Each structure stands twice: as C-alpha cells, then as structure tokens.
Amino acid sequence: DLFISQASLVFSGWTSKFEGNGIYQLLTKINNLTEERDQILTKYINMTNERDGLLIKNDKLGGNHDFYFISSLKKSWTESRRYCTERGADLIIINNREKQEFAKRFSNGNEFWIGLTDSDKEGNWKWVDGSTLTSGFWRSGEPNGKSGENCVVSFSSGWRDHPCNNAFRWICEKKTLSNELHIKTTDM
Ligand SMILES: [Ca+2]
C-alpha cells in the first residue's frame, strides 16, 4: 500500500510535467504494471501463509502422533523388541528430555525396556535405529554392568543397564507416515 501511494505521487508529479509527450501513456503503463506486481506480491504472500499454515497443521497431525504401546507382560529385551518389530514398530528411542518425561508419564511408574543396547561393542551404546547414544538419563552410578549387562531398563529414578535376558515390560514406538512426509517437506 505504501509503495502504491508513493508511485501515485510520483505519477501525478510527472503527469503535469510531461503530458502530451507520450510520457503519459508510458507512466500509465508503469502504474498498471506496478499495480499488477503488487497484486502478484499479495498473492505470493497469501500462498506463503497458506503453505505455512498447512505445514503447521501437518506437524500437529503427524509430528506428535507417533503411536506408543506399553506391555502388561514381561519379556527379555530381545523378545520385547521382536514383539514391537512384528507390529511395524520398535522399542522406544529416548533422545531428549521431553521424550524421557513423556515415557515416564506413559509408563505410570513401571520399569520398561528401552531400545538401547551395547551388545555389539561393550560400552558403545546404540539405539535400535543404529544411532549412537549422545546423552542419556542414567541413574547415578549407571551403567555399571560391563559385558554382563547390555540392555537398558528405564526406572523412575533413571536408566540402568541389565542382563538382556531379564524380564521387564517394554514400550513400543511406531512412527507415523505423515511424520516422515513432514520431514521430507521441510528438507526441500
Ligand atoms: Ca555392557
């Protein structure tokens, strides 16, 4: 709007000066093109807003709608993991504080296996998706089981390494498709 009013001022200034020299038609054309450009800009802004709105909507639908399941049975780490993978899921990955707090609430005070193990290489903790543990929520003094304890149980006081053949409840996590799509969209 600001630009249009400035253009009109210049326009009227030039009109009185150059009327009848063909400049008038040229200025009219410039003015029309300016209006057209401003309309396109408005359209562009509207479409950008619409796109951002859709992205936010998608984020709300997909980003926070992964599925979680906590077992009532107790099984070994490997058996627990198999239960998840047979259902298109895997043991829960907890790689930030929000997720840790969520899992604690979700488990309602129960201990549960998480998707973290150092079975492949002692002391090299890896998540079930192959990523390396960067920072954990270990209970103080843990992990302490060396090669005798290669799987991780989350207690309300923090994580503890345990022998993988012990039996605990477990939490499965299933990623939604729209979540993957959202990541692809924002990466473009
Ligand atoms: Ca170990």
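Everything that follows concerns the structure shown earlier in this document.
Participant: I would appreciate a short explanation of the overall build of the chain in the present structure.
Facilitator: Check the secondary structure of the chain and you find five helices and seven strands. Put simply, the chain runs from its N terminus to its C terminus through helices and strands in the order α-α-β-α-β-α-β-β-β-β-β-α. Contacts spanning at least 24 positions in sequence make up 63% of the contacts within the chain whose residues lie at least 6 apart.

Participant: Any chance you could explain the pairing of strand S5 (residues 151–155) here in plain terms?
Facilitator: Consecutive side chains along a regular strand alternate between the two faces of the sheet. Extensive coverage of S5 is indicated by the burial of four of its five residues. Here three bridges tie strand S3 (residues 112–117) to S5, and the two strands are oriented antiparallel to one another. Note on S5: the bridge partner recorded for Phe112 is Ser154. In this sheet, strand S6 (residues 158–162) lies alongside S5 in antiparallel orientation, the contact comprising five bridges. Looking at the pairing, Cys151 lines up with His162 of S6. Connecting S5 to the antiparallel partner S6 that follows it, the hairpin turn spans two residues.

Participant: Is there a simple way to think about unusual backbone geometry in this case?
Facilitator: When glycine is set aside, most residues are seen to have a negative phi, and most peptide bonds are trans. Cis geometry is found at the peptide bond from Glu142 to Pro143, where omega equals -5°. Tracing the sequence through the fold places Pro143 in the loop between strand S4 (126–127) and S5. Here Asn108, not a glycine, exhibits a phi torsion of approximately 55°, which is positive. For Lys146, which is not a glycine, the phi torsion comes out positive at approximately 45°. Secondary-structure assignment places Lys146 in the loop between S4 and S5.

What counts, and at which threshold
Residues numbered from 1 in each chain as written. Predicted model: local features only at pLDDT ≥ 70, side-chain atom pairs only at ≥ 80, totals over all residues. Helix = DSSP H or I, 4+ residues; strand = E, 2+ residues; numbered from the N terminus. Contact = placed C-beta atoms within 7 Å. Buried ≥ 20, exposed ≤ 12 C-beta atoms within 10 Å, placed from the backbone. Pairing = 2+ DSSP bridges.

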